[in-house]
Amino acid sequence: ASKKKGAAYVSAAPPPGDRPHDITVFGCTGNAGRGVAYHVLRSAIMAKNTQLRVGLAGRSRDRVQKTLDGLRAELGETNFHGLDVAVVVADASDPASMLAMASASRVVMSCVGPFGRWGEPAVLACIEGKAHYLDIAGEVGWVTRMIGRHSAAAEEVR
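Anyway, here's the lowdown on the structure attached to this text.

Rules used throughout
Residues numbered from 1 in each chain as written. Predicted model: local features only at pLDDT ≥ 70, side-chain atom pairs only at ≥ 80, totals over all residues. Heavy atoms only, no water. Salt bridge = Lys/Arg side-chain N within 4 Å of Asp/Glu carboxyl O. Buried < 20%, exposed > 50% of the residue type's maximum accessible area, 1.4 Å probe, protein only. Helix = DSSP H or I, 4+ residues; strand = E, 2+ residues; numbered from the N terminus. Lys, Arg positive; Asp, Glu negative; His and termini not counted. Polar contact = N/O pair within 3.5 Å; in protein donor to acceptor, adjacent residues only side chain to side chain. 1 Å grid on protein atoms, 1.4 Å probe; cavity = no way out; pocket = protein on both sides within 12 Å on 5 of 7 lines; lining within 4 Å. Points joined across faces, edges and corners; volume = space filled by probe spheres on them. Nonpolar A, V, L, I, M, F, W, Y, C, P; charged D, E, K, R; others polar. Pairing = 2+ DSSP bridges. Right-handed = clockwise from strand over helix to strand, strands pointing away. Phe/Tyr/Trp six-rings, centres within 6.5 Å; stacked < 30°, edge-to-face > 60°. Core = buried A, V, L, I, M, F, W, Y, C linked by side-chain atoms within 4.5 Å. Contact = heavy atoms within 4.5 Å.

1. Concerning the pattern of salt bridges
Side chains that carry opposite charge are capable of pairing whenever their charged atoms lie near each other. The final tally for this structure, using the stated rule, is five salt bridges. Of the charged contacts in the structure, one is a salt bridge between R72 and E77, with a shortest N-O distance of 3.4 Å. A relative accessible area of 18% means that R72 is categorised as buried. Residue R149 is joined to E120 by a salt bridge in which the shortest nitrogen-to-oxygen separation is 3.0 Å.

And the structure:
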């Protein structure tokens, strides 16, 4: 069977071993990011999956914490019993913080836009940190550029 090329391969498989977060929602304080975080947490709660370890990430610890507090109130504080949710500080303009986030996560879901301005640092961090990467980008030109620039490096760390 031949390997398919394309967007699905612009991610890197995490190495075996434990990471603090199974999925990290990067950009959780924006409207779209908050919606993604809501559905990740709601899905874990409804499935009674207290094994899932979630990171909520953004550049401001206070804003991420405020988002988490709002989600706890909206979804019901008692539903969070046993669910591991952490606040992660990561800033697209700070490569070290991005690498720390990616290295601590099995999957990074990027909701930081516009992607043409803020998206590439998460792609690079996930390749270097060997985390799976996905996003909510609707910017077709940017997606095409990321595939062209980074798919070979992502394939090497698979």
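2. Remarks on the side chain of R19
Positionally, R19 belongs in the segment before β1 (21-26). D18 is the oppositely charged side chain nearest to the buried, salt-bridge-free R19, at an N-O distance of 8.2 Å. At a separation of 2.9 Å, a polar atom in the side chain of R19 contacts the main-chain carbonyl oxygen of S105. For R19, the side chain forms a polar contact with the main-chain oxygen of G129, separated by 3.0 Å.

3. Let's talk about the layout of surface pockets
The method is simple in principle: a probe with the dimensions of a water molecule rolls over the atoms, and the space it marks as empty is what remains. Of the pockets and cavities examined, the largest pocket occupies roughly 340 Å³. Forming the walls of the largest pocket are 18 residues, and the residues nearest its centre are G27, T29, R59, V112 and G113. A class-by-class count of the residues in the lining of the largest pocket yields eight nonpolar, seven polar and three charged.

4. Comments concerning the pairing of strand β3 (residues 84-89)
Inspection of the sheet shows strand β2 (residues 53-58) paired to β3 by six bridges, in the parallel sense. Note that in β3 the partner of V54 across the bridge is V85. In this region the chain leaves β2, passes through helix α2 (residues 61-75) and returns to the parallel neighbour β3; the handedness of that crossover is right-handed.

5. Overview of the packing of aromatic side chains
Across all of its chains, the model carries one aromatic pair by this definition. Ring centres 5.2 Å apart and planes at 45 degrees place the aromatic pair F115 and W142 in the tilted group. Here the residue F115 occupies a position in helix α4 (residues 115-118), and W142 occupies one in helix α6 (residues 140-156), the gap between them amounting to 27 residues. The same class applies to F115 as to W142, namely buried.

6. Topic: unusual backbone geometry
Residue P114 follows G113 across a cis peptide bond; omega there is 0 degrees. Residue placement: P114 occurs in the loop between β4 (105-110) and α4. Even without being glycine, K48 reaches a positive phi, approximately 55 degrees. Along the chain, K48 turns up in the loop between α1 (31-46) and β2. By relative accessible area, which is 71% here, K48 ends up exposed. With a phi angle near 60 degrees, K130 is a residue other than glycine that sits in the positive phi range. Within the fold, K130 resides in the loop between α5 (120-129) and β5 (132-135).

7. A few points about the nonpolar core
By size, the foremost hydrophobic cluster in this structure holds 24 residues, and its most contacted members are V25, L41, V54, L56, F80 and V85. Broken down by element, this core gets its largest block of residues, seven residues, from α1. Excluding anything up to four places from it in sequence, L56 contacts V25, C28, A37, L41, V64, L68, L71, V85, A86, V87 and V88. If you look at the next biggest cluster of nonpolar residues, it comprises 21 residues, including V88, A122, V123 and A154.

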